[in-house]
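The lines below spell out each chain.
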Amino acid sequence: MNIADLKNGETFTVCQVMIRGEVGKRLADMGFTRGVAGTVIRSALFGDPLQVNILNYNVSLRKSEARGVEVLSIDTQGTL
Amino acid sequence: MSTPQTLRIGLAGNPNCGKTTIFNALTGSHQKVGNYAGVTVDKKEGHCAWKGIECIIYDLPGTYSLTAYSIDEVIARDFIIHEKPDIIIDVIDATNIERNLNLCLQFQEIGIPVVGALNIVDQAEWMGIFVNEKILGELLGIPIVKTIGIKGKGLDALLDAVFDRMKRATTPDRFITYGYELETEVNRLEGVIKKDPVFSSLYPVRWMCIKLLENDKNAFEKIKTHLKGDRVKKEAEESIARIEGHFGRDAGVVVTEQRYAYVHGAVTEAVTRTDKKNKSLSEKIDTVLINRILGLPLFLLILWCIFQITFTVGQIPMQWLEVLFAAMADGVHAWLPPGVLQSLLADGIIGGVGGVLSFVPLIVILFVLLSFLEDSGYMARAAFITDKYLHIFGLHGQSFLPMVIGFGCSVPAVMAARTLKNPKDRILTVIVIPLMSCGAKLPVHVLLAAAFFPKNAGNVVMSMYLIGVGLALSSAFVFRRTVLRGEATPFVMELPPYRMPTVRGIGWHVWDKTSQYLKKAGTILLAASILIWAITTFPKPHDNPVRYQKEAMIFQSTLATSGLSLTAQDSLIGHHIQTLKNSDAISASIAGRAGAVIEPVVRPLGFDWKLGVAVITGFAAKEVVVATLGVLYKVDNTAHGENETLRHALRSDPSFSPLIAFVLMLFMLIVAPCFAALSTIKAEIGWKWLWFEIVFTCSLAWGLCFLVYQTGKILGIGA
């Protein structure tokens, strides 16, 4: 599953960045790397772009970019 | 290059890490600003003295990484590599420590000593993040000092750490190792690159190898200067292929993941986090300002307020300036005898430059408001809200604001496009901005709409705005798929915490923008005003007293039955002859002749030579078109109620029609913007795109107007 599959408020851990080239590199630089936890905070009016909290800061992503980040969803109990 | 008496310090860090406050606290008012060669990124440097030693501090652009992703990143790394500062102070935002350390490791890799300033520690502790800077420093192999930039705390200790580190300047910083697979490739490439001693002395070799493995475009460009550039390129490509085969992912991503893995290790050791979860003020503000439903209406409201404030409040000082320049022109008329010098000073220089300077209040007010939004952190939110709609047309969320400012004036709008970090996005935005109908085009629209569409004037003017927006978006759509094609620009953008803007910060932005505008007014626009004046003044018409006497007599005979007093009649006759002379002067001038020459070009659009002249003078400023029409239609500009008589004169011209009026409005909307805008475009995106802009707007204007006029004529609409 990827970040675009998640609902608002859902928490995740990053598995890996699947997008290649500059966009992938940028996502990794902004902290989307293996094992990092984050939360989808909200989306703009038509569900795009998304606001994601990661490493204690907020970042916006388009859905097309969010689809490139493979994640595991963590439910409220904290189990995978 | 540096003597022991001066220390050259590069100040670097992430955007929003508090770097500017540290820079200001260290240097006070001893700052100067320039531009990095060839780009419009500010180059700030400041001075300070510490224990008798002079320090020059270079404020590098804030970046997240050191890739070739944005101009800022390339500038920051090129500065360090080519200018070789003695030491780098890397400002690390403690609330966001992992992402900040990812950049810190990249500075260490370049091979210049790094000292870390762990900043915003007060906020971090409030959030429950406690950093042991001693342990962190030992793990990374660099000195780290805690600072609170806005309170000026920790800066003495920071400078002490810098000098302490300089005593061991010859020992390089420790740098991270990337694991067996990557290090094998690094070693192999190092061997190949070191075969060229000159290249190896110019660039840090290990750093270059890592950049090549990251598939960095700029590094591949630089490697072309290597003696065996082709061989290095081939080897690097093979290395990348091996890494991607092994890890199954993009090599650039792999390198970054290794850095983050190292950072996570260090942070686990040196940082303790308590569960104290204070909901920050920023989060609370965001639940309203970028609320799914409220976000867009609130944004539009803010925009509307900015517009109202700028163009209503700005109107007042703008009128003062206009009055002042008119008084100056009158003064010149009174002091100097009539002649070329008087005309040059009053009509050319004061009229032209004055017209441009009267926009200064607008620019100041607009940029006070915009800088407030920018520095507070709202600008990123505005991009978040609007990105969806603009992305459809190949634009970026951050294009929205500059385009809207374009309704006011293209000059500040083009400057505001600087917030776009990707060059292609910025060029695209700048190119379409002049299609947004600016404030100076409004008088033209209003005059023509009122004269020829008295019942629907408002709607016709409105249609110009809508056509402009439509053309801007559709040309963006086309260019994005042709001349400015490229990988979709990522929208991976930080939404920084809201901060209260400082007066100093806003003052700085406003001064920066205004001084650039003033500089332009004093140079290129001064020259342009003189040129426009010259082509509308020279050559002088032959003096023809017999003709004017005849005209005066004819006019007098029409007044004979009016019952006016003789003095009133004389004054009317005087006016009549003066406007006649003005008109003769224009038609004899280069501009008038040019109008006749370009008539065949504009004929298919329904324009005669007079409209040709009007169009030419419109390049000085769009509102000049109204004045030119006034002169050409022999209406005295200074008389009261000028617009009513001009409207009447236009309507009664048999060669004019509602269709032609509409086409003229359309033409003025699209055709190349005024000199002020063109020179700003040149300054921001260079000559090549300036010419592109001129050719694009002129051909689009002609093509579209041709279609509309010919279709209208065939269908008999508005003839």
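Scroll up to find the structure this text is about.
What you are looking at is a predicted structure, and each value in this text was computed from that prediction instead of being measured. (Residues numbered from 1 in each chain as written. Chains lettered and ligands numbered in written order. Predicted model: local features only at pLDDT ≥ 70, side-chain atom pairs only at ≥ 80, totals over all residues.)

### Points about the overall build of chain B
Okay, so step 1: Each helix and strand in chain B was counted, giving 34 helices and ten strands.
Okay, so step 2: Here the C-alpha coordinates of chain B stretch approximately 105 × 55 × 55 Å along the principal axes.
Okay, so step 3: Every one of the 719 residues in chain B was classed for burial, and the buried ones make up 43%. (Helix = DSSP H or I, 4+ residues; strand = E, 2+ residues; numbered from the N terminus. Buried ≥ 20, exposed ≤ 12 C-beta atoms within 10 Å, placed from the backbone.)

### Points about the overall build of chain A
Okay, so step 1: When its secondary structure is counted, chain A shows two helices and five strands.
Okay, so step 2: Taken against the 2.2 N^0.38 rule, which gives 12 Å for 80 residues, the C-alpha radius of gyration of chain A at 11 Å falls within 12% of a compact globule.
Okay, so step 3: With the C-alpha coordinates of chain A rotated into their principal frame, the extents come out at 35 × 30 × 20 Å.
Okay, so step 4: Taking as baseline every contact in chain A between residues at least 6 positions apart, the subset at least 24 positions apart corresponds to 55%. (Rg over C-alpha atoms; globule rule 2.2 N^0.38 Å. Contact = placed C-beta atoms within 7 Å.)

### A closer look at the pairing of strand S6 (residues 114-119) of chain B
Moving residue by residue along a regular strand, the side chains alternate between the two faces of the sheet.
All names here are of chain B.
Okay, so step 1: Across the six residues of S6, six count as buried, placing the element largely inside the fold.
Okay, so step 2: Side chains of S6 alternate between two faces, with Val114, Gly116 and Leu118 and Val115, Ala117 and Asn119 buried alike.
Okay, so step 3: With six bridges joining them, strand S5 (residues 87-93) and S6 adopt parallel strand pairing. Within S6, the residue paired with Ile89 across the bridge is Val115.
Okay, so step 4: Between the parallel pair S5 and S6, the chain is carried across by helix H3 (residues 97-110), and the sense of this crossover is right-handed.
Okay, so step 5: Of the strand pairs in this sheet, S6 and strand S8 (residues 144-146) are connected by three bridges, and their pairing is parallel. (Pairing = 2+ DSSP bridges. Right-handed = clockwise from strand over helix to strand, strands pointing away.)

### A short note on the packing of helix H5 (residues 133-140) of chain B against helix H12 (residues 251-270) of chain B
Residues and elements named next belong to chain B.
Okay, so step 1: The contact between H5 and H12 brings their axes to 9 Å, and the two run at 150°. Taken together, the axes of H5 and H12 lie roughly antiparallel to each other. The two elements H5 and H12 meet at a crossing, and its hand is right-handed. Judged by residue contacts, Ile135, Leu136, Leu139 and Leu140 of H5 engage Ala266, Glu269 and Ala270 from H12. (Axes fitted to C-alpha atoms, helices over the stretch in contact; angles between N-to-C directions. Parallel < 35°, antiparallel > 145°, perpendicular 65-115°, else oblique. Left-handed = near helix turned anticlockwise from the far one by under 90°.)

### Examining the interface of chain B and chain A
Okay, so step 1: Each side of the interface is counted separately: chain B has 30 residues, and chain A has 33 residues.
Okay, so step 2: Mapped onto the side of chain B that touches chain A, the elements with two or more residues apiece are H3, H12, helix H14 (295-313), helix H18 (378-391) and strand S10 (493-494) of chain B.
Okay, so step 3: At five residues, the largest contribution of residues to the side of chain B that touches chain A is made by H12 of chain B.
Okay, so step 4: Sheet analysis places strand S4 (residues 57-61) of chain A next to S10 of chain B, joined by two bridges and oriented antiparallel. The residue bridging Val59 of chain A from the neighbouring strand is Glu494 of chain B, located in S10 of chain B.

### Considering helix H21 (residues 423-432) of chain B
Okay, so step 1: The buried fraction of H21 of chain B is high, at eight of ten residues.
Okay, so step 2: Buried residues in H21 of chain B make contact with helix H19 (400-405), helix H20 (410-416), helix H23 (457-480), helix H33 (675-685) and helix H34 (687-715) of chain B.

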